[in-house]
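Below are the chains, spelled out letter by letter.
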Amino acid sequence: LDPTTMFKLLYVDGDPKTCDGCHQHKICASIDVIGGNVACVCKNCLQKAVDRFPDGPDKLTVLYRPVGPEEMNLIMGTSEWNRFPPRLPEQPIFYPVMNLEYARQITREWNVPSKGIGHVVSFHVDSEFIARYPVHNVGGDMHNELWVPAEELEEFNDHIVGSIILVETYRS
């Protein structure tokens, strides 16, 4: 395996751990994922990610999303943590954000007060695909997000590369 196209291999641990990709208990490699997250993935999941996007990290965009407990449970319900759930009828737009700080702010200021808990997730998307969605600034310099119409979310999910990664959890 040559994981350097998407990841920097940190070390291979000889003890079985829960894979962040398939969530099974296996021998895993600890990797530094684009965007600064460290993940533990099994050989199969690492190979799938490399095979799915062989052109390298410059063809990927890291996005973030603040999610409440219901949405997090639905993400965790997908076998490979690689899809966001369909929007509810009153949610016509899916809003991924462009940076970690903005996702943290939304989680702390909206999700935690209303639900008692909030999560920040990150994920990689094919840069060519998301170029169709202009970046919208909705406040200060860091308040940049994409507006994906709900009816396009399934196609958007098809362009997620690898797994959705739980970055942080906040509680009240």
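Residues numbered from 1 in each chain as written. Predicted model: local features only at pLDDT ≥ 70, side-chain atom pairs only at ≥ 80, totals over all residues. Heavy atoms only, no water.

Participant: Whenever I open this one, the pattern of salt bridges confuses me. Can you help?
Facilitator: Pairing between side chains of opposite charge can happen when their charged atoms approach one another. Overall, the coordinates contain seven salt bridges when judged by the stated rule. Between K115 and E70 there is a salt bridge, with its nearest N and O atoms 3.6 Å apart. Here K115, found in helix 3 (residues 100-115), pairs with E70, found in helix 2 (residues 69-76); they are 45 residues apart in sequence, far enough to count as distant. Owing to a relative accessible area of 45%, E70 belongs among the partly exposed residues under this scheme. Note that R104 and E101 form a salt bridge whose closest N and O atoms lie 2.5 Å from each other. Here E101 and R104 lie together in helix 3, a separation of three residues that amounts to about one turn. Overall, E101 belongs to the partly exposed group, its relative accessible area being 39%. Each of the salt bridges in this network shares a partner with another, and the network as a whole consists of R83, E154 and D158. (Salt bridge = Lys/Arg side-chain N within 4 Å of Asp/Glu carboxyl O. Helix = DSSP H or I, 4+ residues; strand = E, 2+ residues; numbered from the N terminus. Buried < 20%, exposed > 50% of the residue type's maximum accessible area, 1.4 Å probe, protein only.)

Participant: Teacher, can you tell me more about helix 3 here?
Facilitator: Since there are 3.6 residues in each turn of an α-helix, residues three or four apart along the chain are aligned in direction. Residue T107 marks the point of greatest curvature in helix 3, where the axis turns by about 35°. The complete set of buried residues in helix 3 reads Y102, A103, R104, Q105, I106, T107, N111 and V112. Where helix 3 is buried, its residues touch strand 4 (60-67), strand 6 (117-126), strand 8 (144-146) and strand 10 (160-171). For helix 3, the N-terminal cap is N99; the gap from its side-chain oxygen to the backbone nitrogen of E101 is 3.3 Å. Following helix 3 by one or two positions, G116 adopts a phi angle in the positive range, close to 85°. (Bend = angle between axes of the 7 residues up to and from the residue. Contact = heavy atoms within 4.5 Å. Polar contact = N/O pair within 3.5 Å; in protein donor to acceptor, adjacent residues only side chain to side chain.)

Participant: Honestly, the side chain of N111 in this entry has me stumped. Any pointers?
Facilitator: If you trace the backbone, N111 turns up in helix 3. In this view, N111 contacts P66, V67, G68, I106, G116, I117 and G118; residues no more than four positions away in its chain are not counted.

Participant: Explanation requested: the packing of aromatic side chains in the structure shown.
Facilitator: For any two aromatic rings, the description comes down to two numbers: the centre-to-centre distance and the angle of the planes. A full pass over the atoms with the stated rule returns eight aromatic pairs. With 6.4 Å between their ring centres and 85° between their planes, Y95 and W147 make a pair best called edge-to-face. With Y95 in the loop between strand 5 (93-94) and helix 3 and W147 in the loop between strand 8 and strand 9 (148-149), this residue pair connects regions lying 52 residues apart in the sequence. Relative accessible area serves as the criterion here: at 34%, Y95 is assigned to the partly exposed category. Counting every residue linked through ring pairs, the aromatic cluster contains F84, F94, F123, F129, Y133 and F156. (Phe/Tyr/Trp six-rings, centres within 6.5 Å; stacked < 30°, edge-to-face > 60°.)

Participant: Teacher, can you tell me more about the nonpolar core here?
Facilitator: Among soluble globular proteins, nonpolar side chains are generally buried collectively. F84, F123, V125, I130 and F156 are the most contacted members of the largest nonpolar core, which totals 19 residues. Elements supplying a minimum of two residues to this core: strand 4, helix 2, strand 6, helix 4 (127-130), helix 5 (153-158) and strand 10. Considering each element in turn, this core owes the most residues, three residues, to strand 6. Every residue in contact with V125, bar those within four places of it in the chain, is listed here: K59, L60, T61, L63, I130, F156, H159 and I160. (Core = buried A, V, L, I, M, F, W, Y, C linked by side-chain atoms within 4.5 Å.)

Participant: Hey, could you run me through helix 2 in this one?
Facilitator: Residues of helix 2 that are buried: E71, M72 and I75. Along helix 2, the residues classed as buried sweep out an arc of 100° about the axis, all on the same side. Of the exposed residues in helix 2, those oriented more than 90 degrees away from the buried face are N73 and L74. For helix 2, the secondary structure elements touched by its buried residues are strand 4, strand 5, strand 6 and strand 10. (Arc of directions from axis to C-beta.)

Participant: I'm lost on the sheet that holds strand 10 in this one. Help?
Facilitator: The pairing of strands in a sheet happens through backbone hydrogen bonds and is either parallel or antiparallel. Strand order in the open sheet made by the three strands is 4-6-10, with antiparallel pairing throughout. Every other strand in the sheet has two partners, leaving strand 4 and strand 10 as the edge strands with one partner each. Neighbour-to-neighbour, the strand axes of this sheet turn through a mean angle of 20°, independent of strand direction. Direction of pairing for strand 4 relative to strand 6: antiparallel, over a ladder of eight bridges. (Pairing = 2+ DSSP bridges. Axes fitted to C-alpha atoms, helices over the stretch in contact; angles between N-to-C directions.)

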